Amino acid sequence: IGSNYVCRPLCEINAGTFSIGSCSLGESTGSYAVVTVRGGTLISAGNINIGGTQTPAGTGTLNISGTGVVDVAADVSLGASTSGYGTLNLSGGTLIARNIVKGTGLSGILNFNGGRFKPRTAGYTMSGLTAAYVSTNGAVIDTSLAPYTLAQNLLHAPEAPATDGGLVKLGTNTLTLATYGSTY
């Protein structure tokens, strides 16, 4: 969304199912794309690249809240390409993906605020993001589909009150915490 020209597209999904092959938000320089999933399901057969894949890339934001589900067969890449800025806001709903990664862009920010991340494939590790913040409603990792490793520091969100929502682990597979610098 937002390719080869300066644009500011917005997409809101509130019900039903929207299926795509893959998606790039903020594809080229100057573009700013926002996708918000409050209800219903967004299904991607490939990656979702937030912060474009062109060089130079633009800015992209994916917001998941309410009962919204984003089901990605591959990865969610934040700051996917050189000069790209990508932000993922998990403020409710569920993200199902192989992994959340940072590309070669300038910024890849993950904001947990009660949304559920459900890794779909064993052997993947979250690491290398610019920041992963935990706010009032917490970070929820659901390992019911696969074991997962967090090697990314989870930081107390700057705008959150003194006590944030912490880390909640759901599911029967293992969640491995491989970092010691978390401040949530």
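Above this text sits the structure in question.
This one's a predicted model, so the numbers in the text were calculated from it and none came from an experiment.

Comments concerning the nonpolar core
Next up, step 1: Of all hydrophobic cores here, the largest spans 33 residues; its most connected members are Leu-88, Leu-95, Leu-110 and Phe-117.
Next up, step 2: At three residues, the largest contribution of residues to this core is made by strand β4 (residues 32-37).

Notes on the environment of Leu-175
Next up, step 1: When you line up the elements, Leu-175 lands in strand β21 (residues 175-177).
Next up, step 2: Look at Leu-175 and you get buried, because its relative accessible area is 16%.
Next up, step 3: The spacing of Leu-175 and Gln-152 is 23 residues in sequence and 13 Å in space, taken between C-alpha atoms.

Some words on the packing of aromatic side chains
Next up, step 1: Scanning the model with the defined rule gives one aromatic pair in all.
Next up, step 2: Look at Phe-117 and Tyr-148: their rings are 5.3 Å apart centre to centre, the planes differ by 75°, and that puts the pair in the edge-to-face class. One end of the pair, Phe-117, is in strand β14 (residues 116-119); the other, Tyr-148, is in strand β18 (residues 148-150), and 31 residues separate them in sequence. Assigned by exposure class, Phe-117 and Tyr-148 land together as buried.

Section: the sheet that holds strand β15 (residues 125-126)
Next up, step 1: Reading across from one edge, β15-β18-β21 is the order of the three strands in this open sheet, with parallel pairing throughout. With one partner strand each, in any of the chains shown, β15 and β21 form the two edges of the open sheet.
Next up, step 2: Direction of pairing for β18 relative to β21: parallel, over a ladder of three bridges. Within β21, the position partnered with Tyr-148 by the bridge is Leu-175.

Rules used in this analysis
- Residues numbered from 1 in each chain as written.
- Predicted model: local features only at pLDDT ≥ 70, side-chain atom pairs only at ≥ 80, totals over all residues.
- Heavy atoms only, no water.
- Core = buried A, V, L, I, M, F, W, Y, C linked by side-chain atoms within 4.5 Å.
- Buried < 20%, exposed > 50% of the residue type's maximum accessible area, 1.4 Å probe, protein only.
- Helix = DSSP H or I, 4+ residues; strand = E, 2+ residues; numbered from the N terminus.
- Phe/Tyr/Trp six-rings, centres within 6.5 Å; stacked < 30°, edge-to-face > 60°.
- Pairing = 2+ DSSP bridges.

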